[in-house]
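# Per-entry structural report
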Amino acid sequence: MHKEITSIHNPLVKHLIQLQEKAKLRKQSQTFVIEGKREIELAVQGGYELEQLLYCDVIADVNQVEKIPAQQYISLSKEVYQKLAYRESTEGILAVAKTQNHDLQDFTPKPNGLYLIADAIEKPGNIGALLRTADAAHVDAVILSNPKTDLYNPNVVRSSVGCVFTNRILLGSSEQVISFCKKYEIKVFGAALQASVPYHTQDYKGATAILVGTEATGLPMEWLENTHQNIVIPMQGKIDSMNVSVAAAILLFEAKRQRGF
């Protein structure tokens, strides 16, 4: 089914702008906006259902657009598309997708899995970078503990370069995640300065979770009291911290090295 929108005052256009700006509306409608051909294709591969595919035929190849499965196809004028698009260099395509279930309680881990736990990360850019790192390391799941930002925030989707769709992502309170790890005997290695040992001295070949927190405050006491071992990356410069996604990458790839990739 095709339709056309040429006015920026169209009710659907106003709704889509609100959907991009308001987490409450995304939660209520259980839908969100995706921008970009690659991101949309990754979402489809990740099992996301597209309610609407919106394209500007001045920019996008209509034949390629119609190959992407969606319930409805909507043609946009260039003015309308530019009103909705965040990125200047883009392929002329947007989608409205249905959110997925990320409830930690509905997930059963596999034996000897490798997980990334990110606690109370607030900046969308950091969440996106962590998801890219997790995709690169091909972890079994990313667990966002005590999440401070909506997973479907456009800035998370954009900064993850679509890796929000390539990872198995789970959400839960700190208490829920701690209980989950204890229940399934997952050893949690927390990136922290307190009571820590160099990261390369530990064995990550069993069921393992690498835990990272915010760069500003680190891990809360609730987590520090429930890790198997705190680990630290030896620093040789004048500062004592690095970007959370960089730290996560170093730790995850050490675990992957021990597992023979």
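Presented here is a report on the structure given in the accompanying data block. Note on numbering: residues in each chain are counted from 1, in written sequence order. The predicted nature of this model means local features are confined to residues of pLDDT at least 70 and side-chain atom pairs, given and counted, to a pLDDT of 80 or more, with totals for whole chains, interfaces and linings taken over all residues. Side-chain measures were taken over the full set of non-hydrogen atoms in the model, leaving aside hydrogen atoms and water.

Working definition: helices are DSSP H or I runs of at least four residues, strands are E runs of at least two. Numbering for both runs from the N terminus. A tally of regular secondary structure across the chain gives 11 helices and 12 strands. The globule rule used for comparison is 2.2 Å times the number of residues to the exponent 0.38, while the radius of gyration itself is calculated over C-alpha atoms. Rg of the C-alpha trace for the chain: 20 Å, near the compact-globule value of 18 Å for 261 residues, within the 12% margin. If you line up the chain on its principal axes, its C-alpha atoms span 60 × 40 × 35 Å. Exposure categories follow from relative accessible area, calculated using a 1.4 Å probe and restricted to protein chains: below 20% of the type maximum is buried, above 50% is exposed, and the middle band is partly exposed. Residue burial in the chain is summarised as follows: out of 261 residues, 48% are buried.

For the rest of this paragraph, the subject is the pattern of salt bridges. When a carboxyl oxygen of Asp or Glu is within 4 Å of a side-chain nitrogen of Lys or Arg, the pair counts as a salt bridge. By the definition in use, this model includes five salt bridges. With its nearest N and O atoms 2.5 Å apart, the salt bridge here joins arginine 26 to aspartate 150. On the criterion of sequence distance, the pair formed by arginine 26 in helix H2 (residues 23–29) and aspartate 150 in the loop between strand E7 (141–145) and helix H7 (154–159) is long-range, its members being 124 residues apart. Assessed through its relative accessible area of 25%, aspartate 150 is described here as partly exposed.

This brings us to unusual backbone geometry. Of note in the backbone geometry, asparagine 146 takes a positive phi value of approximately 50° without being a glycine. Considering the arrangement of structural elements, one finds asparagine 146 in the loop between E7 and H7. For asparagine 146, a relative accessible area of 28% corresponds to the partly exposed category.

The next point concerns helix H1 (residues 11–21). All buried positions along H1 are accounted for by Leu12, Val13, Leu16, Leu19 and Gln20. In an axial view of H1, the angular spread of the buried residues amounts to 120°, which keeps them on one side of the axis. Every exposed residue of H1 that faces more than 90 degrees away from the buried side is listed here: Pro11 and Glu21. By the N-cap criterion, in which a side-chain oxygen at the helix start approaches the backbone nitrogen of a residue two or three places on, H1 is capped by asparagine 10, the distance to leucine 12 being 2.8 Å. For this quantity, the arc is that covered by the directions from the helix axis to the C-beta atoms. As used in this structure description, the phrase polar contact means that two N or O atoms lie within 3.5 Å; if the pair is within protein, one of them must be able to donate a hydrogen and the other to accept it, and residues adjacent in sequence are counted only when both atoms belong to side chains.

To continue, consider the side chain of glutamate 39. For glutamate 39, the position within the fold is in helix H3 (residues 37–45). By definition, residues are in contact when any of their heavy atoms lie within 4.5 Å. The residues contacting glutamate 39, other than those within four sequence positions of it, are Ile34, Arg87, Val161, Gly162 and Phe165.

By themselves, these observations are geometric and do not establish any function.
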